[in-house]
Amino acid sequence: MIFNFIFGRHKSDSKAGAQALSDLKVGESAVLSELEVSPPIAEHLMNLGFVPGLVVKVLRSGPGGDARVYRVDGTEVAMRRDLSRHIHVELLGAPAFGD
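Nothing here was measured: the structure is a model prediction, and the numbers come from that model.

## With respect to the overall build of the protein
Across its full length, the protein holds three helices and seven strands. Each helix (α) and strand (β) of the protein, taken in turn from the N terminus, gives the series β-α-β-β-α-β-β-β-α-β. Considering the protein as a whole, with its 99 residues, one finds that 31% of them fall into the buried category. Partitioning the contacts of the protein with sequence separation of at least 6, the portion at a separation of at least 24 is 65%. Looking at the protein as shown, the accessible area adds up to about 5,900 Å², and 56% of this sits on carbon and sulfur atoms.

Structure below.
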């Protein structure tokens, strides 16, 4: 099941800059757009704060790069790469000077 929440955008627009959460590098931030997982897993992720429309940041990576720590809504969550590749995000642009 796909949980797809679109906030003021057309579906075709949201796919343009979409990528998997596992593709982000340490230090990058993105907006959660879709959870392509089964309903029980999606519900668990949403209870942890992974709600589409919120900003998620990659904080650090474990040895070998498999487990990563993400910050979403003030909570730090460790997640394996095989799960994070089913979470789609839209990369945020770099902040402007002075932001």
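## Considerations on the confidence of the model for the protein
Caution applies to low-pLDDT regions: their predicted coordinates should not be interpreted in detail. Averaged over all residues, the pLDDT of the protein equals 82, while 75% of them reach at least 70. Across the protein, strand 5 (residues 68–72) holds the top mean pLDDT of 95, while helix 1 (residues 11–14) sits lowest at 45. Across residues 6–14, where pLDDT falls below 50, the model places seven contacts with residues more than four positions away in sequence or in other chains.

## Considerations on the environment of Leu92
In this structure, Leu92 sits in the segment after strand 7 (87–91). Taking the C-alpha atoms as reference points, Leu92 and Glu28, 64 residues apart in sequence, are found 8.0 Å from one another. When neighbours within four sequence positions are excluded, Leu92 is seen to be in contact with Ser29, Ala30, Val31 and Val55.

## Details of the pattern of salt bridges
Within this structure, the stated rule accounts for three salt bridges. The shortest N-O distance in the salt bridge between Glu76 and Arg60 comes to 3.2 Å. Of the two residues, Glu76 is situated in strand 6 (residues 75–79) and Arg60 in strand 4 (residues 55–61); the sequence distance between them amounts to 16 residues. The class for Glu76 is partly exposed, based on a relative accessible area of 40%. Among the ionic pairs, Arg71 bridges to Glu76, the shortest N-O distance being 2.7 Å. Residue Arg71 is classed as partly exposed on the basis of its relative accessible area, which comes to 37%. Where salt bridges share partners, they join Arg60, Arg71 and Glu76 into one cluster.

Conventions and cut-offs
Residues numbered from 1 in each chain as written. Predicted model: local features only at pLDDT ≥ 70, side-chain atom pairs only at ≥ 80, totals over all residues. Heavy atoms only, no water. Helix = DSSP H or I, 4+ residues; strand = E, 2+ residues; numbered from the N terminus. Buried < 20%, exposed > 50% of the residue type's maximum accessible area, 1.4 Å probe, protein only. Contact = heavy atoms within 4.5 Å. Areas by Shrake-Rupley, 256 points an atom, 1.4 Å probe, with all protein chains shown as cover. pLDDT = per-residue confidence, 0-100. Salt bridge = Lys/Arg side-chain N within 4 Å of Asp/Glu carboxyl O.

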